[in-house]
Amino acid sequence: MKLMLKYLRPFFGRMSVGLAIKIAGTVVELALPLILSHILGQVVAEGNIGKIFFFGGVMIICSAAACVLNIVANRMAARVARNFSEMIRHDLFYKIMHLSAKKIDEFTVPSLESRITSDTYHTHHFVGMMQRMGVRAPILLIGGIGVTLFMDATLALVMIAVLPFIFITVFFVSRKGVPLYSRVQVSVDKMIRVVREDAQGMRVIKALSKTEHERDRYDAVNRALVEDERRAGLTMGIVNPAMTLLMNLGSVLVVLLGANLVMGGRSNPETIIAFMQYFTQISMAMMTITRIFMLYTKSSASAKRIEEVLEAEDEISVISEEELPRKDGESFIVFDDVSFSYKGKRNDLSHVSFSLERGESLGIIGSTGSGKSTVISLLLRYYDVGQGSIRIDGRDVRTIDPSELHSMFGVALQNDFLYADTIEENIRFGRDISPEKIREAARIAQAHDFIEAFSEGYDRMLASKGTNVSGGQKQRMLIARAVAGDPDILILDDSSSALDYKTDANLRRALATELSGTTKITVAQRVSSVMSCDLIIVLEHGEIADMGTHDELLARCDIYRGISDSQMGGAIVE
């Protein structure tokens, strides 16, 4: 619970005031049975109606005071819990946004979604409950025991004898509950993953008539979640019945012993009535403490999962230029004998070397899984190279601050996204870019004409993921976003696959003309998308099969020639 204490520290002052108010309200509530006992034992015996009304009024005032004080304290507790969870969600989201790609792969996106939603909710609920009931219940328990010991030690000892059995039950069950709820959260992660995948692929699922198959897949993870919840529920479900049984046994013993004491003249009915009220308060306090322990098991498991993310080490750190010296006078972008493995077993890229001058264009082509996108990920430093080095303008990318490095790029990736906002805001993407610059970027990306054709123009609202525009329109808006920031390096990773050949050719001409000073890297499956590049790299199984210009590769590279022949029959149409 170190994590929770860390985030609660700024609220200790406010919590102290709230706890003081809660203590005052609980103490007033604790006095009610004692006042009732005094009325029944002494005031009623005197037959003084005025005194009866007076003490009755005192009880009403105490009840109202307890109510008001508890409401005020509960509102303060709710505010602390709200602000506490807001801080955790903020820091967790910020950390997730800055996690390395490797760490995101380890945690998985569905698990990160679960941690920032359900896990933070569990900690929020526990913090609120602890402030509302975590103080009141112990005061009622300890205060009730203290008053009953003062009123009748014999009856109180009977009740106290039951409490150790309750505490032992709660302790051992709670110890088993934490790992069980951790398993529940893992199952929640799996279910979120399936739901996320199916929601994104809904159209494909329907088109291929795989609704039943996906329903079965969802049912499998849902059943696994239900089974884990059942095990956790069965274990934690022991607490309440066991505690109720023990408290009822204690109540029966108190009633029997109390009746015997009254009959023997060693006690009086009003003491027994007050005693039973205190016993009820103590029982309710024990029930509340049990609920707190159950919440603790959930929040403890959730806090550990949140802490794993917040304390994850940043593997992508900036290395000093003393360790990796700058190399002046070389090409703008240099891949120097780069090898890389995602899982550390076999290389996904092996001995990749090439150089590119500022303003030149590079095309990367190859079969699926050949390592094209991996080259881009390494250049952007989503991952660090396993061997060799990547340099931009003589500087190793590992020596450049990530914010500075990424500001050099304009990127349209194959799995890029549009969010629910206007077209203009999707192209601007939170940057300080004028409307005129946005329209110019759209013209270069061949998007301006179809955007203007919408009745709302650039103010047209897009659905989440751009589902209310075509695939080609979406890709052109993503390219406009990449171009709008005047990048030093423009990366188009399979971002024109949905464009027709004419639009693709117009796009390439516009990029060459309007962005002549920008270094352009195009990853594509189509030869027509890379044929005009200054340098084309053909990747095969993570290695460079050949590289050169379009004409050179047609003449000597069988793989490139085969791709060209399969797409165009050997002819390229501009």
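Residues numbered from 1 in each chain as written. Predicted model: local features only at pLDDT ≥ 70, side-chain atom pairs only at ≥ 80, totals over all residues. Heavy atoms only, no water.

**Brief notes about the side chain of aspartate 504**
As a reminder, the rule being used: Secondary structure elements follow DSSP: runs of H or I no shorter than four residues count as helices, runs of E no shorter than two count as strands, and numbering proceeds from the N terminus. Definition of a polar contact: a pair of N or O atoms within 3.5 Å, with one able to donate and the other able to accept a hydrogen when the atoms are protein atoms, and with sequence-neighbouring residues admitted only if both atoms are side-chain atoms. Whether two residues are in contact is decided by their heavy atoms, any of which lying within 4.5 Å being enough.
Residue position: aspartate 504 is located in helix H18 (residues 501–514). Here serine 529 takes part through its side chain, which lies 2.8 Å from a polar atom of the side chain of aspartate 504. Once residues lying within four places of it in the same chain are set aside, the contact partners of aspartate 504 are Ser496, Leu499, Arg526, Ser528 and Ser529.

**Some remarks on helix H15 (residues 435–444)**
Our working rule: Here the term buried applies to any residue with accessible area under 20% of the maximum for its type, exposed to any over 50%, and partly exposed to those in between, with areas from a 1.4 Å probe on protein chains only. The directions considered for the arc run from the helix axis to the C-beta atoms.
Those residues of H15 that fall on the buried side of the exposure criterion are Ile438, Ala441, Ala442 and Ile444. Down the axis of H15, the smallest arc covering the buried residues is 160°, so these residues share one side. Residues of H15 that are buried in the fold lie against helix H14 (423–428), helix H16 (448–453), helix H17 (471–484) and H18. Backbone geometry just after H15 places glutamine 446 at a positive phi near 60°.

**Brief notes about the sheet that holds strand S7 (residues 489–493)**
Definition in use: In this description, strands pair whenever DSSP reports at least two bridges between them. Fitted lines through C-alpha atoms give the axes, limited to the stretch in contact for helices. The angle between two N-to-C directions lies from 0 to 180 degrees.
An order of S6-S7-S8-S3-S9-S10 is seen for the 6 strands of this open sheet, with the pairing classed as mixed. The sheet is open, and its two borders are formed by strand S6 (409–412) and strand S10 (543–548), each paired with just one other strand. With strand direction ignored, the average angle separating the axes of adjacent strands in the sheet is 15°. In the sheet, S7 pairs with strand S8 (residues 519–524) via 5 bridges, with the strands oriented parallel.

**Description of the state of the cysteines**
Using the following cut-off: We call a pair of cysteine sulfur atoms a disulfide when they lie within 2.5 Å.
Across all of its chains, the model carries 0 disulfides by this definition. The closest cysteine sulfur to the non-disulfide-bonded cysteine 62 is located on cysteine 67, 13 Å from its own sulfur. For cysteine 62, a relative accessible area of 16% translates into the label buried. Judged by relative accessible area, cysteine 67 falls into the partly exposed class, the value being 43%.

**Focus on the nonpolar core**
To be explicit about the condition: We define the nonpolar core as a collection of buried residues of types Ala, Val, Leu, Ile, Met, Phe, Trp, Tyr and Cys that are connected through side-chain atoms lying within 4.5 Å of one another.
Counting residues in hydrophobic clusters, the biggest one holds 34 residues, and the most contacted among them are Phe335, Leu379, Ile392, Phe409, Ile491 and Ile521. Once residues within four sequence positions are removed from consideration, leucine 379 is found in contact with Ile333, Phe335, Ile390, Ile392, Val397, Leu405, Phe409, Ile491 and Ile521.

**Describing the pairing of S8**
Stated precisely, the cut-off is as follows: When the strands point away from the viewer and the path from the first strand over the helix to the second turns clockwise, the crossover is right-handed.
Counting buried positions along S8 gives 6 out of 6 residues, so the element sits mostly inside the fold. Across the two faces of S8 the burial is the same, with Thr519, Ile521 and Val523 and Lys520, Thr522 and Ala524 all buried. Taking the sense of rotation as the criterion, the β-α-β connection linking S7, H18 and S8 turns out right-handed.

**Regarding the confidence of the model for the protein chain**
Heads up, the rule is: pLDDT gives the predictor's per-residue confidence on a scale running from 0 to 100.
Considering every residue of the protein chain, the mean pLDDT works out to 84; 96% of them sit at 70 or more. Counted against residues more than four places away or in other chains, residues 570–574, with its pLDDT under 50, gives 10 contacts.

**As for the packing of aromatic side chains**
What counts is decided by this rule: Here the aromatic set is Phe, Tyr and Trp, taking the six-membered ring for Trp, and pairing holds for ring centres within 6.5 Å; pairs whose planes are under 30 degrees apart are stacked, those over 60 apart are edge-to-face, and all others are tilted.
Applying the stated criterion across every chain yields a total of 9 aromatic pairs. Measuring from ring centre to ring centre gives 6.0 Å for phenylalanine 417 and phenylalanine 429, while their planes differ by 65°; the resulting arrangement is edge-to-face. On the criterion of sequence distance, the pair formed by phenylalanine 417 in the loop between S6 and H14 and phenylalanine 429 in the loop between H14 and H15 is long-range, its members being 12 residues apart. Centre to centre, the rings of phenylalanine 450 and phenylalanine 454 are 6.1 Å apart; their planes meet at 85°, and the pair counts as edge-to-face.

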